[in-house]
Amino acid sequence: QKQFTIELEQLRGYEFKVRFDLDGIAPLLVDETPPVGEGRGPSPSRMLTAAAANCLSASLLYCVTKNQPPDGSLRASATCSLARNEKGRLRIAAIDVRLTLAAELEQAVRTKRCLDLFEDLCVVSASLQDGFPVSVAVLNERGETMYRNGA
């Protein structure tokens, strides 16, 4: 099984910086076909993984803060596991997302309630769950787990 990890950092509002774990911009996995464009951008698997992490991040930010999330208050990492199916084709087997909240979000009044709601608000990860597991954990800055789903 092969894996890669992408990282997201909330800058301001719902703007995120994404790091695709690529040297230059080229596919990391030998088995993964370069996208059209001669390998000058992230692969579709990386884009899908980033979309899931971004959607979960934005959903949690929106639930906790509504329209005014504090700048730099959330970081995320998402690890995508790839495996071959019975026909030998490379497929996404699972995505594991970790969201890390800054102290300001951890202590927000709505956070506890939103930990039970935000996954259901995310169109991307909820849709992906029909095909493969998307596990989600929310941590505080000290690395303590505040929430973990059952995937």
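Quantities reported herein were computed from a predicted structural model and do not represent experimental measurements.

A.B. asks: A description of the pairing of strand β4 (residues 90-101) should follow, citing residues and the corresponding values.
C.D. replies: In this sheet, β4 lies alongside strand β3 (residues 74-84) in antiparallel orientation, the contact comprising eleven bridges. Across the sheet, residue Arg84 finds its bridge partner in β4, namely Leu90. Once β3 ends, the chain turns through five residues before running back antiparallel as β4, passing Gly88 with a positive phi of about 85°. Direction of pairing for β4 relative to strand β5 (residues 134-140): parallel, over a ladder of seven bridges. The residue bridging Val97 from the neighbouring strand is Val136, located in β5.

A.B. asks: Provide a residue-level description of the packing of aromatic side chains, including the pertinent values.
C.D. replies: With the rule as written, the count across this model stands at one aromatic pair. Aromatic side chains Phe118 and Tyr147 sit 5.7 Å apart centroid to centroid with 70° between the ring planes, which places their arrangement in the edge-to-face category. Residue Phe118 is located in helix α4 (residues 118-121), and its partner Tyr147 is located in strand β6 (residues 145-148); the two are separated by 29 residues in the primary sequence. Given the relative accessible area of 0%, Phe118 is considered buried.

A.B. asks: Residues and numbers for the nonpolar core, please.
C.D. replies: Inside soluble globular proteins, nonpolar side chains tend to come together where they are buried. Ranked by size, the top nonpolar core spans 36 residues in total, and within it Leu60, Leu99 and Phe118 carry the most contacts. Elements with a contribution of two residues or more to this core: β1 (2-12), α1 (44-65), β3, β4, α3 (111-115) and β5. For this core, the element with the highest residue contribution is α1, accounting for nine residues. Once residues lying within four places of it in the same chain are set aside, the contact partners of Phe118 are Leu56, Ser59, Leu60, Leu99, Val136, Val138 and Tyr147.

A.B. asks: Residues and numbers for the state of the cysteines, please.
C.D. replies: Inspection of every chain in the model, using the stated rule, returns two disulfides. Note that Cys55 is cross-linked by a disulfide to Cys122, the S-S spacing being 2.5 Å. Of this pair, Cys55 sits in helix α1 while Cys122 is found in the loop between α4 and α5 (123-128), placing the two residues 67 residues apart along the sequence. On the basis of relative accessible area, Cys55 is assigned to the buried category, the value being 15%. Residue pairing for Cys63: its cysteine sulfur links by disulfide to Cys114, the two sulfurs lying 2.2 Å apart. A torsion of -85° about the S-S bond marks the disulfide between Cys63 and Cys114 as left-handed. Taken together, the residues span a long stretch of sequence, with Cys63 in helix α1 and Cys114 in helix α3 at a distance of 51 residues. Per residue, the accessibility class of Cys63 equals that of Cys114, and both read buried.

A.B. asks: Help me get a handle on the pattern of salt bridges, residues and values and all.
C.D. replies: Across all of its chains, the model carries five salt bridges by this definition. A salt bridge links Arg19 to Glu7; its shortest N-O distance comes to 3.5 Å. Residue Arg19 is found in strand β2 (residues 15-19), and its partner Glu7 is found in strand β1; the two are separated by twelve residues along the sequence. With relative accessibility at 34%, the residue Arg19 sits in the partly exposed group. Note that Arg19 and Glu9 form a salt bridge whose closest N and O atoms lie 3.6 Å from each other. One end of the pair, Arg19, is in strand β2; the other, Glu9, is in strand β1, and ten residues separate them in sequence. Judged by its relative accessible area of 30%, Glu9 falls in the partly exposed class. Through salt bridges with shared partners, a single ionic network connects Glu7, Glu9 and Arg19.

Cut-offs and rules
The numbering scheme is per chain: residues are counted from 1 as the chain's sequence reads. Where totals are concerned, whole chains, interfaces and linings use all residues; where local detail is concerned, this predicted model gives features only for residues with pLDDT of at least 70, and gives and counts side-chain atom pairs only at 80 or more. Derived side-chain values reflect all non-hydrogen atoms in the structure, with water molecules and hydrogen atoms excluded from consideration. Here, any two strands with at least 2 DSSP bridges between them count as paired. Helix and strand labels come from DSSP, where a helix needs a run of H or I of at least four residues and a strand needs a run of E of at least two; each type is numbered from the N terminus. Pairing of aromatic side chains requires ring centres within 6.5 Å, counting the rings of Phe and Tyr and the six-membered ring of Trp. Pairs whose planes differ by under 30 degrees are stacked, by over 60 edge-to-face, and all others tilted. Here the term buried applies to any residue with accessible area under 20% of the maximum for its type, exposed to any over 50%, and partly exposed to those in between, with areas from a 1.4 Å probe on protein chains only. Throughout, nonpolar core names a set of buried Ala, Val, Leu, Ile, Met, Phe, Trp, Tyr and Cys residues whose side chains join them through atoms within 4.5 Å. Only heavy atoms enter the contact rule, under which two residues are in contact if any of them lie within 4.5 Å. Cysteine sulfur atoms that pair up within 2.5 Å are treated as a disulfide. Here, a salt bridge means any Lys or Arg side-chain nitrogen found within 4 Å of an Asp or Glu carboxyl oxygen.

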